[in-house]
Amino acid sequence: GKFGGGRRKEPSDGRVATLRGYLLDRNGQMMIELEPGEQAVDANDNEGIAPPDVDEGTAAFEGEIVDSKCWMGAMKPGEGRVHRECAIRCISGGVPPVLVSRAADGSALFTLISTDDGGRLSDEALALVGLPVRVRGQLHRVGQLRVLHVDSSGIKPLTSTRARPS
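The following paragraphs examine the structure supplied in this document. Predicted, not measured: the structure shown is a model, and the values here were computed from it. Within each chain, residue numbers correspond to sequence positions counted from 1 in written order. Two thresholds apply to this predicted model, a pLDDT of at least 70 for residue-level local features and 80 or more for giving and counting side-chain atom pairs, whereas whole-chain, interface and lining totals are computed over all residues. Side-chain measures here rest on the full set of heavy atoms in the structure, leaving out hydrogens and waters.

**Quick notes on the pattern of salt bridges**
Criterion for a salt bridge: a side-chain nitrogen of Lys or Arg within 4 Å of a carboxyl oxygen of Asp or Glu. Inspection of every chain in the model, using the stated rule, returns four salt bridges. Linking K69 and E33 is a salt bridge whose minimum nitrogen-to-oxygen distance equals 3.2 Å. Here the residue K69 occupies a position in helix α1 (residues 68–74), and E33 occupies one in strand β3 (residues 29–34), the gap between them amounting to 36 residues. Here E62 and R134 are joined by a salt bridge, their closest N and O atoms 3.5 Å apart. In this pair, E62 is assigned in strand β5 (residues 53–67) and R134 in strand β8 (residues 132–142), connecting sequence segments 72 residues apart. Burial here depends on accessible area, computed with a 1.4 Å probe over protein chains only, as a share of the maximum for the residue type. Under 20% is buried, over 50% is exposed, and the range in between is partly exposed. R134 sits in the partly exposed class, given a relative accessible area of 39%. For helices the rule is a DSSP run of H or I covering at least 4 residues; for strands it is a run of E covering at least 2, with both sets numbered from the N terminus onward.

**Details of the side chain of S68**
Mapped onto the elements, S68 comes out in helix α1. When its relative accessible area of 2% is taken as the criterion, S68 is described as buried. Residue contacts follow a heavy-atom distance rule, with two residues in contact if any of their heavy atoms lie within 4.5 Å. Excluding residues within four positions of it along the chain, S68 makes contact with M31, V95, P96, V98 and F110.

**Brief notes about the nonpolar core**
The nonpolar side chains of a soluble globular protein tend to be buried, and buried together. To define a nonpolar core, start from buried Ala, Val, Leu, Ile, Met, Phe, Trp, Tyr and Cys residues and group those joined through side-chain atoms within 4.5 Å. Core analysis: the biggest nonpolar cluster contains 19 residues, and I65, L99, L121, V129, V133, V135 and I155 have the highest contact counts within it. Among the elements of the structure, β5, α2 (84–92), α3 (123–126), β8 and β9 (145–150) are those that each provide at least two residues to this core. Non-local contacts of V133, meaning those with residues more than four positions away in its chain, are made with F61, E62, G63, I65, L99, L128, I155, K156, P157 and L158. By size, the runner-up hydrophobic cluster in this structure holds seven residues, among which are L24, V66, M72 and F110.

**Some words on the environment of T18**
As for its position among the elements, T18 is in strand β1 (residues 17–19). The exposure class of T18 is partly exposed, given its relative accessible area of 31%. Each C-alpha atom of the pair T18 and Q39 lies 9.5 Å from the other, and the pair is 21 residues apart in sequence.

**Regarding the pairing of strand β6 (residues 97–102)**
Buried residues dominate β6, accounting for five of its six residues. The pairing of β5 with β6 spans five bridges and is classified as antiparallel. The partner of E64 across the bridge, within β6, is V100. At least two bridges found by DSSP between two strands are what make those strands a pair.

**Brief notes about the pairing of β3**
Inspection of the sheet shows strand β2 (residues 21–26) paired to β3 by six bridges, in the antiparallel sense. Across the sheet, L24 pairs through a bridge with M31, a residue of β3. From the end of β2 to the start of β3, which pair antiparallel, there are two residues, and N27 there has a positive phi angle of about 50 degrees.

**A few points about α2**
For α2, every residue scored as buried is listed here: R84, C86, A87, I88, C90 and I91. Directly beyond the C-terminal end of α2, a positive phi value near 110 degrees is found at G94.

**Section: a nonpolar patch on the surface**
Among the surface-exposed residues, L19, L23, M30 and I32 lie close enough to one another that they form a single nonpolar patch of about 390 Å² accessible area. Tracing the chain through its elements places L23 in strand β2. Within this analysis, patches are made of residues with over 30% relative accessible area and no salt bridge. Like charges are joined at 9 Å or less; nonpolar side chains (Val, Leu, Ile, Met, Phe, Trp, Tyr) at 5 Å or less. A 1.4 Å probe and the Shrake-Rupley method give the accessible areas. Residues count as covered only by the protein chains that appear here.

**Regarding the environment of V150**
Its location among the elements puts V150 in strand β9. Spatially, the C-alpha atom of V150 lies 6.6 Å from that of R136, the residues being 14 residues apart in sequence.

**Re the state of the cysteines**
Any pair of cysteine sulfurs within 2.5 Å is marked as a disulfide. Applying the stated criterion across every chain, the model contains zero disulfides. Of the cysteine sulfurs around C70, a residue in no disulfide, the closest is that of C86, at 3.9 Å. On the basis of relative accessible area, C86 is assigned to the buried category, the value being 9%.

Written out as structure tokens, the structure reads:
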């Protein structure tokens, strides 16, 4: 469905866990779509070391906010105006939002968006899902994952400054 891990993940927060689900992969970025039910997340006593959370300072990116599940491959195309309403429903339901921006070579850059308080995106930010935006916040790196901590005021629509043909 159009829901994130929700309460199923709470017992494993900050611990090593076993996840059961389906691997989604796009452009070398991978995530697990959890299978239904409580057995999808099993907090266990295995020892493991989580990668450190490295604060990389304030950063701003331009791109499109999408829901991670669909963008990773659960839906095609998973981005753009055609997918906008689906992405809003998924993100509202708890699927993590990501900003897809472009590197100089045109390749997609994937940055997880997290609100400062760990909550959901505001209604104002949800209204900008699937549209060109500029997002500013505190950039962190956890292993290979880029995470941008933002508040609602850090998400702005992009407006074209090019002159329009007459």
